[in-house]
Amino acid sequence: MRLLEERIRKDGVVKPGNVLKVDSFLNHQMDIELFNEMGKEWKRLYSDVKVDKILTIEASGIGIAAIAAQYFNVPVVFAKKTKTINLDGDLYSTEVKSFTHQTVYNVVVSKRFINAGDNLLIIDDFLANGNAINGLMDIAAAAGAKVAGVGIAIEKGFQEGGRELREKGIRVESLAIIKSMDAEKGTIEFG
Ligand code: 5GP
């Protein structure tokens, strides 16, 4: 998506450790006009697919998923990050390794909000190694829901997550795919 690529080029900052900082428009300050265009684009890409609910993960996924949901006219459920292990059995729970913080945390979704047979569109801001998306897919599987597709704002194509998901037959639509980026030179290439 041209608009997002241009914005990343203009305002994205490449940090050491393969981290792209986009906090001026995507995951701290949020450019809602841009989010609207992203929502429309996911709707166009997934117009052939039945979507009952959007599933995302806190915190950065929530804003983009909420705006996108207005084009799909469906609710958004976000997985919550927690340190506590739940023993009540009323939650779907899985472990996710954090890309940015290098820790492992639990993510949970109440069993009330995902049902067997639901068609889910999973949305998140970044796809790197795929841990966050795989965690959400674990939760979908535990609920007996189907993953109609995955919508990513920025995929770092030089990391493994996207390739592995597509190899498993999961449809992944990323609005910008970064082929390479260099923290020293400050360059970003799309492809
Ligand atoms: P993964 O689980 O695919 O390895 O990483 C995706 C998650 O880590 C996303 O939810 C996102 O919040 C975070 N993340 C991964 N790479 C980046 C990055 O380059 N910049 C930022 N800001 N977040 C990232």
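Procedures and definitions
Residues numbered from 1 in each chain as written. Predicted model: local features only at pLDDT ≥ 70, side-chain atom pairs only at ≥ 80, totals over all residues. Heavy atoms only, no water. Core = buried A, V, L, I, M, F, W, Y, C linked by side-chain atoms within 4.5 Å. Buried < 20%, exposed > 50% of the residue type's maximum accessible area, 1.4 Å probe, protein only. Helix = DSSP H or I, 4+ residues; strand = E, 2+ residues; numbered from the N terminus. Contact = heavy atoms within 4.5 Å. Pairing = 2+ DSSP bridges. Axes fitted to C-alpha atoms, helices over the stretch in contact; angles between N-to-C directions. Right-handed = clockwise from strand over helix to strand, strands pointing away.

## Topic: the nonpolar core
- Counting residues in each nonpolar core, the largest one holds 33 residues, and the members touching the most others are L4, L20, L26, M38, W42, I54 and I154.
- If you list the elements that add at least two residues to this core, you get α1 (2-11), α2 (32-45), α3 (60-72), β7 (119-127), β8 (146-156), β9 (172-182) and β10 (187-190).
- The element contributing the most residues to this core is α3, with six residues.
- Dropping the residues within four chain positions of it, W42 is found in contact with I64, A68, F72, I123, G151, I152, A153, E173 and L175.
- With 25 residues, the next largest nonpolar core counts I57, V77, L120 and V150 among its residues.

## Some details on the sheet that holds strand β3 (residues 53-57)
- What the eight strands build is an open sheet, ordered β5-β6-β4-β3-β7-β8-β9-β10; its pairing is mixed. The strands lining the two open edges of the sheet, one partner per strand, are β5 (91-97) and β10. Pairs of neighbouring strands in the sheet enclose a mean axial angle of 30°, with direction left out of account.
- Inspection of the sheet shows β8 paired to β9 by six bridges, in the parallel sense. The residue of β9 that forms the bridge with I154 is A176.
- Lying over the sheet, α1 contacts β8, β9 and β10, oriented at roughly 165° with respect to β10.
- Set on the sheet, α2 makes contact with β7, β8 and β9; between it and β9 the angle comes to about 120°.

## As for the pairing of β8
- For β8, a buried count of nine out of 11 residues is recorded, marking the element as mostly surrounded by other parts of the structure.
- Pairing geometry for β7 and β8, over eight bridges, is parallel. Its bridge partner being in β8, L120 is matched across the sheet by V147.
- In this fold, β7 hands off to helix α4 (residues 131-143), which returns the chain to β8; that crossover is right-handed.

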